[in-house]
Amino acid sequence: MKQIGVMRAMLCTALLLAASAGAQRLPAGVQPEHYAIWIKPELKTQSYTGRESIEVVLDKPTRVITLNALELKIESVMVARETAKLTTKSETEKTFDLTVKSETATVTMDPAKEQATFTFPTALPAGRERINIVFSGKLRNDLRGIYLSKSAKRSYAMTEFEPTDARRAFPCFDEPAMKATFDLSLEVDAGDTAISNGAMVSDAAGDAGKHTLRFATTPKMSTYLVAFVVGDLQCESGESDGVPIRACATPDKAGMTRFSLETAEFAVKYYDNYFGIKYPMAKLDLIAMPDFEAGAMENFGAITFRETGMLVDEKSATLEQRKSVATNVAHEIAHQWFGDLVTMQWWDNLWLNEGFATWMENKSVEDWQPGWQMDEVQAETLDDAMNYDAQPITHPVRVAAETRSEINELFDSISYSKAGSVLAMVEEYEGKDVFRDGVRQYLNAHLYGNATAEDFWNAQKAVSGKPVDKVMGSFVLQAGLPMLHFALDKKGNVEVSQERFFKEPAKEDATTGEATRANALNAWRLSLLHGQGQKWTVPVCMKDDAGKVACVLLKSSSQKYKLPAGEKFFYGNAGDKGYYRSDYDAKLYARIVAEAETRLTPVERIGLIADQWSMMRAERRTAADYMDLVKSVSHDANPEVVRNALEGESVLSDRIASEAESDAMSAWERAEFGPIYRALPPMKKGEPQKTLETRAMLFNLLGGSSDAAVIAEAHELGEKYLADPASMDASMGEAAVSIMIANQETAGDAAALYETLLRRSQIETDPTRQNDAL
């Protein structure tokens, strides 16, 4: 039986397809096989010239070839064809006359479609053809195509092509399924070097003051993964599993690359083993640049980063900064297999790239640094994704996208965090080894090619023998997420029912009786989005009184299951892997809250807090219910559990409570957490990480709740930190400055602090501290 919710999702997709049909896609019939590209960037004039030869295969004779080009000046387009004529002079004397005939095409640009059409005087025959193009362009200032990236001392030329900006750099077939090999040559200033996808194979003299760098031929890849950077880069070198690895930056930041290099060395070996496929390029470069739109970009063999996403001052970096950089590096290296080696067929399956890398980044870093508790990071990623997905503006993981703007809209929390969280749930359902075997089967079936969502989940289904296609299909093709309601009966059975969860409750207008929302969606839109009848196929892993975990598959609106240890205790999302919100009947909820500290793991407590905050927002629980949970975990030994609980309490205090209630909550914070803070040992460098995290979290909390002693301490520590950031851990220093900002006694004091922070942002060399000052 077809589900109503799925039919609605199909209707939405059909409407989107109809609206954008034929928008900017290239016509079929021409397949590129190889590009030979020469580019000469002129940093002083902010321009470049280029030549390319594209080898293509034509399905049938044609006079017209259409490819992508945008904001380029195409000087000429021609094909050169060799013909041989046999001449017979005698029975024993025959000669062949070889003639090279060139045909020049007329060029028609279509900026709206971001295409160029080449029309030749006569039809080109079916089969192989080589198109020679001369073109020029501007080095841009908008972080797209080939653009200028500027440090304090000079400019650099670099690229950013994802998703549809290779066409701004050179004429090309700029669609992910149109893979080809690439030979790139760059003619650059004599004092500069360059990095590209392939290893450098030659360095020859060029025009006066120039030299030409040629790079090795790449494997087959999509145009959006082509990349280069030009300038006076400095690199630190290492290797992993026989692969040379470099971490590169501008000269003033070159001393901050060691940590990302070590991360990459571990990640390459980890992924070699996990995927069962050796890293597919001859080398790997990580390149940090001053101006970069995204956090990083997974160009094949030449990953580019924003400086804050890759550089670490190891003398002063916080654990959070190290985690951020490590997961960023691990994410992009995972793409070298999942995205670069095997690429989605079209952008509607972007989640195959980004969801997988988001899931894998935590997995690999956890293996490298088990003490970092990456499962807690994954729990917060899951919560963020579900918060986004619980809004009426959400969309399915896979959604039609044809135009540039539609494609760009897909780079959001759904494609990254939701997709990654669904993969984590499926791995838990299948088992880690079985899931890995499914990944390997998928990759080996599509090496250097393209694939779809169905290819992935059918590989998982084939390996596991479980209905993974039904599970993943229900979460990928439908918008939103389920809420599971758990109730126990006297016989020890648990009844699980599901419905679509919304962050805000639907309400009826008192006058009209019609359903409305706070954002005044019209009645048709509300009925479409309210998800009545939507169902998911949900793997549910439940923990019972004995701590045993039973995993079942919820296929219908409501099902009953027998728990082996009866009704004494029950928790509905063991390990916090399920992509659903959990709700419990009153008796069961009270029991879970009372025993959360002894029965649940830290990551399960984080998940419980997140679920119950969401239940309160949806008016399924009261603020008092939530505060009871906050109180139950207030002395938790894990600072992340307490911090997550206090985030909701802070919202209640700042945005919902009356002034008197807010004052009472601040008094409770001071009474509850002040003694814990003051019982900590004196602050010192090198103290245990848990102590440091607890200190910074409580310091920040008490400063915000008007603890006079902490505010005085913040002024002292903040002044010291601003004068010498290396004098203390940055988490304490930044917290102290934040408390200072909120507690300036006069306008003059505030103005002086502003000027201090402004100066700090101008002289700071560490990109993260510079960003913090800004």
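Relevant structure appears above.
Since the model is a prediction, treat every value here as computed from it, not as a measurement.

Asker: Even after reading the chapter, I still don't get the overall build of the protein chain, so can you show me in this structure?
Answerer: Secondary structure summary: the protein chain contains 21 helices and 31 strands in total. Against the 2.2 N^0.38 benchmark of 28 Å for 774 residues, the protein chain shows a C-alpha radius of gyration of 30 Å, consistent with a compact globule. Looking at the protein chain residue by residue over its 774 residues, the buried ones come to 55%. A total of about 32200 Å² of accessible surface is found on the protein chain, and carbon and sulfur atoms cover 52% of it. Once the 85 positive and 113 negative side-chain charges of the protein chain are each reduced to a mean point, those two points are 4 Å apart.

Asker: Explanation requested: the packing of aromatic side chains in the structure shown.
Answerer: Within this structure, the stated rule accounts for 32 aromatic pairs. Aromatic pair Tyr270 and Tyr271: ring centres 5.7 Å apart, planes at 75°, arrangement edge-to-face. In this pair, the class of Tyr270 matches that of Tyr271, namely buried. Measuring from centroid to centroid gives 5.5 Å for Phe486 and Tyr584, while their planes differ by 25°, and the two rings are stacked. Taken together, the positions of Phe486 in strand S23 (residues 482–488) and Tyr584 in strand S31 (residues 581–584) put the pair 98 residues apart, joining distant regions of the chain. For the residue pair Phe486 and Tyr584, the accessibility class agrees, reading buried in each case. Directly above the aromatic system of Trp346 lies the positively charged group of Arg25, at a separation of 3.5 Å from the ring centroid. In this arrangement the basic side chain of Arg51 is found over the ring face of Trp38, its NZ or CZ atom lying 4.0 Å from the centre.

Asker: In this structure, what is going on with the pattern of salt bridges? I would like to understand it.
Answerer: Two side chains of opposite charge can pair, provided their charged atoms sit close to one another. Scanning the model with the defined rule gives 53 salt bridges in all. Here Glu320 ties to Lys323 by a salt bridge, and the two come within 3.8 Å at their closest N and O atoms. Taken as a pair, Glu320 and Lys323 lie in helix H3 (residues 319–335) at a separation of 3 residues, close to a single helical turn. Residue Lys323 is classed as buried on the basis of its relative accessible area of 9%. Each of the salt bridges in this network shares a partner with another, and the network as a whole consists of Glu71, Glu114, Arg140, Asp142, Arg144, Asp165, Arg167, Arg168, Asp174 and Arg404.

Asker: Is there a simple way to explain unusual backbone geometry in this structure?
Answerer: Where the residue is not glycine, phi is negative for most of them; where a peptide bond is considered, it is trans in most cases. Here the residue pair Glu162 and Pro163 is connected by a cis peptide bond, since its omega of 0° sits within 30 degrees of zero. Structurally, the position occupied by Pro163 is in the loop between strand S10 (155–160) and strand S11 (181–189). Here the phi dihedral of Gln46 falls at roughly 55°; this positive angle occurs in a residue that is not glycine. Structurally, Gln46 can be placed in the loop between strand S1 (30–42) and strand S2 (47–58).

Asker: Teacher, can you tell me more about the environment of Gly276 here?
Answerer: Examined against the element boundaries, Gly276 turns out to sit in the loop between helix H2 (258–275) and strand S18 (284–289). Taking the C-alpha atoms as reference, Gly276 lies 31 Å from Val399; in sequence the two are 123 residues apart. When residues no more than four places from it in sequence are discounted, the contact partners of Gly276 are Tyr271 and Arg440.

Asker: Honestly, the state of the cysteines in this entry has me stumped. Any pointers?
Answerer: Each disulfide consists of one covalent bond between the sulfur atoms belonging to two cysteines. The tally for this structure, following the rule as stated, stands at 2 disulfides. Note that Cys235 is cross-linked by a disulfide to Cys248, the S-S spacing being 2.1 Å. Its S-S torsion of about 105° marks the bond between Cys235 and Cys248 as right-handed, since a negative value means left-handed. Residue Cys235 is located in strand S16 (residues 234–240), and its partner Cys248 is located in strand S17 (residues 243–249); the two are separated by 13 residues in the primary sequence. Here Cys235 falls in the partly exposed class, since its relative accessible area comes to 35%. Taking the relative accessible area as the measure of exposure, Cys248 reaches 0% and is therefore buried. With a sulfur-sulfur separation of 2.1 Å, Cys541 is cross-linked through a disulfide to Cys551. Disulfide Cys541-Cys551: the torsion about the S-S bond is 110°, which places it as right-handed. Linking Cys541 in strand S27 (residues 538–544) with Cys551 in strand S28 (residues 549–554), this pair joins segments that are 10 residues apart in sequence. The class of Cys541 is buried, set by a relative accessible area of 8%. Residue classification places Cys551 among the partly exposed positions, given a relative accessible area of 44%. For the protein chain, numbering the cysteines in disulfides from first to last along the sequence yields the connectivity 1-2, 3-4.

Asker: Explain helix H9 (residues 453–464) to me, please; I cannot follow it from the model alone.
Answerer: Two residues of an α-helix separated by three or four positions point the same way, owing to the 3.6 residues in each turn. Here H9 spans 17 Å end to end across 12 residues, near enough to the 16 Å set by a 1.5 Å rise per residue. Of the residues making up H9, those classed as buried are Ala453, Phe456, Trp457, Ala459, Gln460 and Ser464. Buried residues of H9 fall within an arc of 150° about the axis and therefore sit on the same side. One or two positions beyond H9, positive phi appears at Gly465, with a value near 75°.

Asker: Sorry if this is basic, but what is going on with the side chain of Thr381 here?
Answerer: In this fold, Thr381 is placed in helix H5 (residues 374–389). Not counting chain neighbours up to four residues away, the residues in contact with Thr381 comprise Thr358, Asn362, Ser417 and Ser421.

Asker: How should I be thinking about the pairing of S1 in this particular structure?
Answerer: In regular strands, side chains alternate between the two faces of the sheet. Pairing geometry for S1 and S2, over 12 bridges, is antiparallel. Looking across to S2, one finds that Pro32 is bridged to Val56. Counting the residues between successive antiparallel strands, the hairpin from S1 to S2 contains 4 residues, one of them, Gln46, with a positive phi of roughly 55°.

Asker: Sorry if this is basic, but what is going on with the packing of helix H15 (residues 639–656) against helix H17 (residues 689–704) here?
Answerer: Each packed pair of helices is defined by two parameters, the angle between the axes and the distance between the axes. Running from amino to carboxyl end, H15 crosses H17 at an angle of 20°, the nearest separation of the two axes being 9 Å. Relative to H17, H15 is oriented roughly parallel. Regarding H15 and H17, the two cross each other, and that crossing is left-handed. Within the contact between the two elements, H15 uses Pro639, Glu640, Val642, Arg643 and Leu646 and H17 uses Lys690, Glu693, Thr694, Met697 and Leu701.

Cut-offs used in this document
Counting from 1, residues in each chain are numbered in the order their sequence is written. The predicted nature of this model means local features are confined to residues of pLDDT at least 70 and side-chain atom pairs, given and counted, to a pLDDT of 80 or more, with totals for whole chains, interfaces and linings taken over all residues. Excluding hydrogens and water, the side-chain figures rest on all heavy atoms present in the structure. Strands here are runs of E lasting at least two residues and helices are runs of H or I lasting at least four, both read from the DSSP assignment and numbered beginning at the N terminus. The reference for a compact globule is 2.2 Å times residues^0.38; the radius of gyration itself is calculated from the C-alpha atoms. Relative accessibility decides the category of a residue: with a 1.4 Å probe and only protein chains considered, values under 20% of the type maximum give buried, values over 50% give exposed, and everything between is partly exposed. Using a 1.4 Å probe, accessible areas were evaluated by the Shrake-Rupley method; residue-level cover was limited to the displayed protein chains. Here the positive residues are Lys and Arg and the negative ones are Asp and Glu; neither His nor the chain ends is included. Charge placement uses NZ in Lys and CZ in Arg. For Asp and Glu, CG and CD serve respectively. Aromatic rings from Phe, Tyr and Trp, with only the six-membered ring used for Trp, were paired whenever their centres fell within 6.5 Å, and each pair was classed as stacked if the ring planes differed by under 30 degrees, edge-to-face if by over 60, and tilted otherwise. Criterion for a charge above a ring: Lys NZ or Arg CZ within 6 Å of the ring centre, and within 35 degrees of the ring normal. Any carboxyl oxygen of Asp or Glu that lies within 4 Å of a side-chain nitrogen of Lys or Arg is treated as forming a salt bridge with it. Residue contacts follow a heavy-atom distance rule, with two residues in contact if any of their heavy atoms lie within 4.5 Å. Cysteine sulfur pairs qualify as disulfides if the two atoms are within 2.5 Å. For a helix, the expected span equals 1.5 Å multiplied by the residue count minus one. Taking the helix axis as origin, the arc is that swept by the directions to the C-beta atoms. Two strands qualify as a pair provided that DSSP identifies no fewer than 2 bridges between them. To define axes, lines are fitted to C-alpha atoms, for helices over the stretch in contact only, and angles between the resulting N-to-C directions are given on a 0 to 180 degree scale. Roughly parallel covers angles under 35 degrees, roughly antiparallel covers those over 145, roughly perpendicular covers 65 to 115, and oblique covers all other angles. Crossings are classed by handedness, with left-handed meaning an anticlockwise turn of the near helix from the far one by less than a right angle and right-handed meaning a clockwise turn.

That is the geometry; function is a separate question.
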